[in-house]
Structures are given as structure tokens and as C-alpha cells.
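# A structural walkthrough
As a plain string of letters, each chain reads:
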Amino acid sequence: MSDPIIYPCFLGPYGENNDLLEKLVVEFLRDHVYWRRNLHPEDPPAIPTRAADGPAYRDFEARLRRELHSLSATLKRSVPFHSPRYLGHMVSDLLLPGLAAQILTLPYNPNNVSAEAAPVTIDLEIKVGLQLARMLGFVDDPALPNCAFGHLTSGGTVANYQGLRLALALKAFPVALRAIAPPGLAIADDDWSAFNLTPTAAITRYGQWLHWLQGQPVDQRPHWQQQLNDQRIEFLGLAKFFTQHTELKPPLVLAPVTAHYSWSKGMKLLGLGRQQLELIPERGMRMDMAALEARLDACAHQRQPVLMTVAVLGSTEFGTIDPVHRILAARAASAAAGLGFAVHVDAAWGGYLATLFRNPDGSTRPLTEVRAAFEKFPSAEVHAAYAALGAVDSVTVDPHKLGYIPFGSGAFVCRDQRAMALLAEDADYVFERETAEDYFKRFRQLGRYLPEGSKSGAAAAAVYVTHRVLPLDHDHFGALPRESIRATEAFHNAALAFAARMENRVRCQLPFEPDSNLVCLALNPVGNRQVATMNAFVRSVYAKLRVDPGMALQSREFFGSMTTLHPNTLGSIDTERILTALDLDAESLHADHADADRLVILRHTLMNPFMLDAENGISYIDRYFDYLERVIATL
Ligand SMILES: *Cc1c(COP(=O)(O)O)cnc(C)c1O
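So, here's what we can say about the structure. What you see is a predicted model, and the numbers here were worked out from it, not measured in a lab.

Strand order in the open sheet made by the 7 strands is β1-β9-β8-β7-β6-β2-β3, with mixed pairing throughout. Edge strands, defined here as strands with exactly one partner in the open sheet, are β1 (149-153) and β3 (277-280). Strand-to-strand, the axes of this sheet are offset by a mean angle of 20°, without reference to chain direction. As judged from the 4 bridges shared by strand β2 (residues 252-256) and β3, these two strands associate in the parallel manner. The residue of β3 that forms the bridge with Leu254 is Glu278. Lying over the sheet, helix α11 (residues 289-302) contacts β2, β3 and β6 (306-312), oriented at roughly 170° with respect to β2.

Structure representation (C-alpha cells):
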């Protein structure tokens, strides 16, 4: 069943491709050494050739070896992410191209804060942004003014901060522009309308301002630029900005209840405050559109600005996918009614699934074509959500999740690069007619636009090389999510079979139909009607799936994870549905009981590409359910 394309992609569960990786590492380490020697071959070695014979050297080497052996020994207690027996968190084996490129680049130690510190890898990072832009359906030709721009971050958390920062900059910019009232330049009738332009309209205003500025005498321009700067929210701070614009309230961020906690952190960091983050209820763990629309209507009536609405593409706990297309439609309706805001997609988990929907020529694959490879995936809603990505304002994607890249690689991509000028640490001029070279030249000063400063160029090289070896479309990279979704469908079927054969022992339920490659299972012993008893039962199953630092890894047959369903997150309809399906007494769900205020369930992330091992005719998924059965028999 597995596609042979994946065989050379990873080191492999058994280290099958060790020769390939070892050859590459040795070859490129030597290559690096020759590079050092070739800089000025006339310079003699500064470290004496006989230094290695000295006692201090030998002592150092002995201590180094001892510590490395100790490190290597303790690392054996690490979580075996690479194994098809690992179904826990959002991580799996590493793609060889990324691993090799990162190891190769490390000794050069490029710093992607700017081109001076990273003449090579900074361009790779800008190109990674374009590769991801293409995958998402954004314009990816840097010669076009509305080309997208993306960069790497330490992870999805910081990419989400960047989304907030950019949305706020775009929202507040027209208000600052209105405050200085450039003669002859119409911005908006009042502060409320200026603060409620969509990001697209705000980018247009920015372009008009630059055009206007160019029309001013050269010696006047710095003065106008300074005036504008003094009115911007980034200069004034939230407190002063809102004191100067009494018509405006600090804006809300609307996110689904499934939103990752980085959104809460981001609100605190930005100074908007956690209270301004409003969680919109879900239906079946997908954004409840009626609830969102009602909230937007209320905001428009109360003149309560909204900074952005977040759509989650693959929720961290349940893998569910919000209807991005419907959220965009709601935004269009709101904007027409005078309440404009940004739409950001948190696709930290589900971003790379977009490769399944993308043809090599950049076009979107129709639903029937995508579905041909699977039993059920994708639902029409999921297909529509991915097809709509090209119209959102910004996206978070984590190469270190479904990109199979080493940790330290998240990414932020915005639809229109011109917006980035508003994040620049110092004045930035982006003119309409620019060339691809201008685009690269500007963004080579990466540190000016990012929350971070110094950052790894090796990480950028890893992502770039991976995307070159496996282009981000259905024919190439798509083979990986395809395996993953097939494993999910096999898991789903195996779960139903397991539920049937265990029906006298446990009730086994999937709380939600999986949208992506993350499946949760609820287990309740037959006859039990108490939430607390079920939770204790699931916790004891989980105890056999957990990495326990005090025990040998081999004592575990499989590794899983656990999550909880809180009635506040579920909403009353889904709570009732799930309680009924599990035959639980609704009365036993107590808000004030620590272990009965929510449902504890198992969570499975199915991203290992070798779960269905065709070579040996082994299904680790079937084996997992056999294991669950044995575990349950002992409880
Ligand atoms: C993992 C995740 C994040 C956070 O990403 P990090 O890389 O851990 O910083 C944010 N949002 C979603 C939906 C995620 O799954």
C-alpha cells in the first residue's frame, strides 16, 4: 500500500537509510572543512598539528567524550517519534533532505536576521515563503506587486503573534493617516470607518499614501513621514492611541473555542489583553457559523471593532477544520456593513495537507479528484476550506509538524507583501512597480519585519531543500499527507471494528468524524454511567500509552496521547450527543468536580508514514487496537 516515493524520504523506523544519511553527513562535513582551508590556503594551521598529543588536549577530549556518551545514553530515553508505534503528539520521523541540509548548514552558522549575516540562507528563507505561498494559493511571483510574503519563525506560536501584529498595524494605519490629513488624500469619513477597512482596503490606502508622498517636494517628505509615524499605534502604544481616538474601542479577536493557547499568549503579549479574545462556540468542533455571524452583527451594532477572526485548519486537540470559505463570506458581509477585519488561518497543524489539493501548476484539484485516493476524505466542507485559502489575509504553518522538519520551524505567510512595510522597524517605502530583485532586496533585511532577531539560517536551508526535493503539490510532497490520511481512514475503520468486537466490554466512540489525520476515541466500560468512573478508566488506559521516564521504552508497545472534552468547548448539543452515545448520566458531569467536569479521551496523531507497512504486511494500526484490547482486559 505505501507509495515507494516515501522509501528514501526518512531515516526510517529501523534506520534503514543510515548509509544514505551517513554518506551525506560525512561528504558535506568534509566539504565544509575544504571550504575553510580554501579561504586563505597560505595561512598556516593556528592549532598546532601536535596539539592533540598534549595532556590538556587529551584531557579535554576525554571529558568531551564522556559528556557526549552520557548525553547520548540519556537521549535514549527520548520519545521515539520516528516509530510507527508512536501515535501521540504532532511529530514523527524527520525528512532526510531537511535533516541533511540542516546538519550541512550548521557549521556555517548563518544568521537569518539580515543578509550581512546570511548572504545565502536569507534568500532561501524568502523562497520558502514563496513556496508556502504557492501551496496555499497565494500569488507567488515576486515581480507582481500583490505577491505574498512568508518567513520562518521558531514555531506556530510566534507566527500567530506575527499575524496579530500585522492585522493591528493594518487596522490602525488608516486612522493615523486620517489624523495627519494629507491635503487632497481621502482616507475615510471618520475614525470608525478608517479603523474598519479590510486589510485589502488598508493596503490600498497605504499605496495611495506613498503615491501622494512621492508627489510632495523632496524636502517635505521626511516631515510628512515623521508626522504619520507619530500617529501610528506602534509609536503611541495602545493606551495613547485609544485616548486620542475616543470613538474607537480596543478591538476583539474572535477565535473558535478549539483555538491553540498561543492565541491567549499573543493577546497578552500585544497588550490587547486576554479579555479581548472571544472564543466562538463550535458545532462538531468546527466554527459555529451562526454564532460567529450573530457575534459580528452584535459588534457592528455596538460599534465594537474586531481585529481578526481566526480559522483553525486542523485543531490541535481534534484535527477538525473550520469552514474558511464561510468565514470569508461572513467577513465580506460584515465589511459591507462597515465592520472590516482580518481573517487569519491557524494552519500550524493542517497547512501541509494543502499539498493534496494543489496541482504542480498551482491550480486547485477538484473534490472528486482529491477524493479518488481515499475512502471519504475530504468532505466537501474540508475541500472548500482549503480551496478558499488563497483569499485569507495571513496563515500560520508549521514545517516542524506535518512538514517533518526538525523543531524550530514555524512559518508565517501573508497574502500581500505590501502589508509588511507597516511592520518595518524603520520607515519603509514599497512602491507599486517593483521587480523581483526589489522584493528580495527589501526582505533580505528580514530582522526589520520579524518579532525575532537573530535566527537560524540552517533551519531555513532545511525547509528550502525539503521543498525543492519534494515540491509542495499533490504529485510530490502530497505523498506524505496521502499516507497519513490513508492511515487515518484505516484507523477509523479499525476503531469501528474494535468498537463492535468490544461491545460487551466497553463502549467505544469517535466523538467527531475526523476532518484530517487526528482521531480521538472515547472509551466507557459497559454498564458505567458515571463520568468520573469513565475518566479514571481512560486515564488508566492512557497510563499504558504514556512515555514514563522511569521505565524502559520497550516496556511500552504503543505511545499515544490524551485530551479532554469540556462541556464549555463542546457546547450543549454535542455534549448531550456524546454523553448519550457513551451511555453516561448527564447528571454525573459536574462543573465543580475536578475529575468529572469534562470527558477524558484518547487522542491519536496519525502522521507516521509507515503505519501500514506493506513490505512486511503489518498494520501497526491493527496491532494498536489489539494492544488496547489487551490493556483493557487487564483493567
Ligand atoms: C501546534 C500549534 C500551534 C503552536 O505551534 P508551536 O509550533 O508549538 O509554537 C498553534 N496553533 C495550532 C493549531 C497548533 O496545532
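Let us keep going from here.
To continue, consider the pairing of strand β10 (residues 506-509). On a regular strand, one side chain projects to one face of the sheet and the next to the other, so that they alternate. Judged by which residues are buried, β10 turns out to be one-sided: Val506 and Cys508 face inward and are buried, whereas Arg507 and Gln509, on the alternate face, are not. As paired strands, β10 and strand β11 (residues 518-525) are joined by 4 bridges and run antiparallel to one another. Directly across from Arg507, in β11, lies its bridge partner Asn524.

To continue, consider the site of the ligand. Around the ligand, 15 residues are found, and the nearest of them are Thr157, Asp346, Asp398, His400 and Lys401. Contact between the ligand and Lys401: an oxygen atom at 2.7 Å from a side-chain N or O atom of the residue. Coverage of the ligand by the protein chains reaches 87% of its 380 Å² of free accessible surface. Per element, the largest residue contribution to the shell around the ligand is 3 residues, and it comes from helix α5 (residues 156-180). Its residues assigned to classes, the shell around the ligand comprises 3 nonpolar, 9 polar and 3 charged.

Attention now goes to the side chain of Gln417. Locating Gln417 in the fold gives a position in the loop between β9 (410-414) and α15 (436-443). On the basis of relative accessibility, which here comes to 3%, the residue Gln417 falls in the buried class. Reaching out from Gln417, the side chain makes a polar contact with the backbone oxygen of Pro145 at a distance of 2.8 Å.

Another aspect to go through is the pattern of salt bridges. Taken as a whole and assessed by the stated rule, the structure comprises 26 salt bridges. Here Glu317 makes a salt bridge to Arg603, at a shortest N to O gap of 3.6 Å. Separated by 286 residues along the polypeptide, Glu317 in the loop between β6 and α12 (324-336) and Arg603 in strand β13 (residues 599-605) bring together distant segments of the chain. Among the residues examined, Glu317 registers a relative accessible area of 30% and is labelled partly exposed. Classification of Arg603 as buried rests on a relative accessible area of 3%.

Take the sheet that holds strand β12 (residues 561-565) next. Taking strand neighbours across the sheet as the criterion, the 4 strands line up as β10-β11-β13-β12 in an open arrangement whose pairing is antiparallel. Edge positions in the sheet fall to β10 and β12, since each of these pairs with one other strand and no more. Between one strand axis and the next, the sheet turns by 35° as a mean value, whatever way the strands run. Lying over the sheet, helix α17 (residues 479-501) contacts β10, β11 and β13, oriented at roughly 10° with respect to β11.

This next bit is on the nonpolar core. Note that soluble globular proteins tend to have their nonpolar side chains buried in a common cluster. The biggest cluster of nonpolar side chains holds 96 residues, and the ones touching the most others in it are Phe241, Leu292, Leu313, Val324, Val345, Tyr352 and Tyr386. Residues contacting Phe241, with those up to four places away along its chain left out, are Ala172, Val175, Phe195, Gln231, Ile233, Leu236 and Leu248. If you look at the next biggest cluster of nonpolar residues, it comprises 51 residues, including Phe512, Val538, Leu612 and Ile621.

Turning next to the packing of aromatic side chains. This model, assessed by the stated rule, comprises 27 aromatic pairs. Measuring from ring centre to ring centre gives 5.2 Å for Phe374 and Phe377, while their planes differ by 85°; the resulting arrangement is edge-to-face. As far as the burial class goes, Phe374 and Phe377 line up, both buried. Here a set of aromatic residues connected by ring pairs shows up, and it is made of Phe491, Phe498, Phe558, Tyr624, Phe625 and Tyr627. Residue placement shows Lys171 over the ring face of Phe195; its charged tip is 4.9 Å from the ring centre. Here the basic side chain of Arg623 rests over the ring of Tyr620, its NZ or CZ set 5.9 Å away from the ring centre.

In this section: helix α4 (residues 121-136). Relative to the 22 Å expected for 16 residues at 1.5 Å per residue, α4 spans 23 Å between its end C-alpha atoms, a close match to the ideal helical length. Counting buried residues in α4 gives 14 out of 16 residues, a clear majority hidden from the surface. One or two positions beyond α4, positive phi appears at Gly137, with a value near 95°.

Turning next to the environment of Ala172. Note on placement: Ala172 falls in helix α5. On a C-alpha basis, the gap between Ala172 and Gln231 in space is 9.4 Å, while along the polypeptide they are 59 residues apart. Among all residues touching Ala172, those that are not within four sequence positions of it are Phe195, Ile233 and Phe241.

What counts and what doesn't
- Residues numbered from 1 in each chain as written.
- Predicted model: local features only at pLDDT ≥ 70, side-chain atom pairs only at ≥ 80, totals over all residues.
- Heavy atoms only, no water.
- Pairing = 2+ DSSP bridges.
- Helix = DSSP H or I, 4+ residues; strand = E, 2+ residues; numbered from the N terminus.
- Axes fitted to C-alpha atoms, helices over the stretch in contact; angles between N-to-C directions.
- Contact = heavy atoms within 4.5 Å.
- Buried < 20%, exposed > 50% of the residue type's maximum accessible area, 1.4 Å probe, protein only.
- Near = heavy atom within 4 Å.
- Polar contact = N/O pair within 3.5 Å; in protein donor to acceptor, adjacent residues only side chain to side chain.
- Areas by Shrake-Rupley, 256 points an atom, 1.4 Å probe, with all protein chains shown as cover.
- Nonpolar A, V, L, I, M, F, W, Y, C, P; charged D, E, K, R; others polar.
- Salt bridge = Lys/Arg side-chain N within 4 Å of Asp/Glu carboxyl O.
- Core = buried A, V, L, I, M, F, W, Y, C linked by side-chain atoms within 4.5 Å.
- Phe/Tyr/Trp six-rings, centres within 6.5 Å; stacked < 30°, edge-to-face > 60°.
- Lys NZ or Arg CZ within 6 Å of the ring centre and 35° of its normal.
- Expected span 1.5 Å × (residues − 1).

On their own, these measurements won't tell you what the molecule is for.
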